[in-house]
Amino acid sequence: MSLHDNIESILVSEKEIAEIAERLGKQITEDYKGVERPILLGLLKGCVPFMSDLQKHIDLPIEIEYMDVSSYHGSITSSGDVKIRKDMNTSVSGRDILIAEDIVDTGKTLDTIVKLLTHRGAKSVEVVTLLDKPAGRVIPFTPKYIGVTIPKAFVVGYGLDYDELYRNIPYVGILKPEIYKK
Ligand code: IMP
């Protein structure tokens, strides 16, 4: 029994993800030229594989920070209740922040975090996401940098989990519904 047997279909391949990371990294390098020490802020845990690819293509002196934020709690629909389990280690006052995310679904997580960082005095706050699922939006939210727009399906892999599993799959795939209907 392989982990891959629980995947219905591959939505974004490893090769496509590598191309996305290169394209967005180059774009970010252009856009942030001249900005002093931008902070690339990853939202744990889902950001990790994509952010580690992306940062290699950002040819600028950036600082790396993480926040651990959660809203799912083991189900397939967002609870909408955004919890900060680990905050970042530096002050954001006067800083340019680029948040790295795995997916934007309802928009609640990013709406909350962008508002929080703005309230803390960040100079600018933008978002780069591997996946955008606009059909899931509850709050209007448009990330500045989008890897790929996907349909309203529950996906796993490349950092995305179901009940803390499947994050280590090297592509983004649609989970077989019988897995979460059990
Ligand atoms: P939002 O607050 O609803 O936009 O959700 C953002 C977070 O929900 C992401 O960082 C993911 O952790 C999680 N999420 C949203 N859609 C999916 C999905 O299809 N699969 C796995 N996790 C998801």
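Refer to the structure printed above.
Residues numbered from 1 in each chain as written. Predicted model: local features only at pLDDT ≥ 70, side-chain atom pairs only at ≥ 80, totals over all residues. Heavy atoms only, no water.

A. Expanded view of the nonpolar core. Within the largest apolar cluster, 28 residues are counted, with the highest numbers of intra-cluster contacts made by Phe50, Val128, Leu131 and Val172. Of all the secondary-structure elements, those providing two or more residues to this core are helix 1 (14–31), helix 2 (48–56), strand 5 (96–104), strand 6 (124–132) and strand 9 (172–175). Per-element accounting of this core gives the leading share, 5 residues, to helix 1. Not counting chain neighbours up to four residues away, the residues in contact with leucine 131 comprise Val12, Asp102, Ile103, Val104, Val148, Ile150, Val155, Leu160 and Val172. Formed by 19 residues, the second largest nonpolar core is a distinct cluster that contains Val69, Val92, Leu110 and Ile113. (Core = buried A, V, L, I, M, F, W, Y, C linked by side-chain atoms within 4.5 Å. Buried < 20%, exposed > 50% of the residue type's maximum accessible area, 1.4 Å probe, protein only. Helix = DSSP H or I, 4+ residues; strand = E, 2+ residues; numbered from the N terminus. Contact = heavy atoms within 4.5 Å.)

B. Geometry of the packing of aromatic side chains. This model, assessed by the stated rule, comprises 3 aromatic pairs. Between phenylalanine 154 and tyrosine 180, the aromatic rings sit 5.9 Å apart at their centres with planes inclined by 75 degrees, giving edge-to-face as the arrangement. Placement of the pair is phenylalanine 154 in the loop between strand 7 (145–149) and strand 8 (155–156) and tyrosine 180 in helix 4 (residues 177–181), with a sequence separation of 26 residues. According to the relative accessible area criterion, tyrosine 180 is partly exposed, its value standing at 22%. Counting every residue linked through ring pairs, the aromatic cluster contains Phe154, Tyr162 and Tyr180. (Phe/Tyr/Trp six-rings, centres within 6.5 Å; stacked < 30°, edge-to-face > 60°.)

C. Fine view of the sheet that holds strand 1 (residues 7–12). Reading across from one edge, 1-9-8 is the order of the 3 strands in this open sheet, with antiparallel pairing throughout. A strand with exactly one partner marks an edge of an open sheet, and here the two such strands are strand 1 and strand 8. In the sheet, strand 8 pairs with strand 9 via 2 bridges, with the strands oriented antiparallel. If you follow valine 155 over to strand 9, its bridge partner there is isoleucine 174. Sheet strands touched by helix 1: strand 1 and strand 9. Its angle to strand 1, the strand with the most contacts, is close to 30 degrees. (Pairing = 2+ DSSP bridges. Axes fitted to C-alpha atoms, helices over the stretch in contact; angles between N-to-C directions.)

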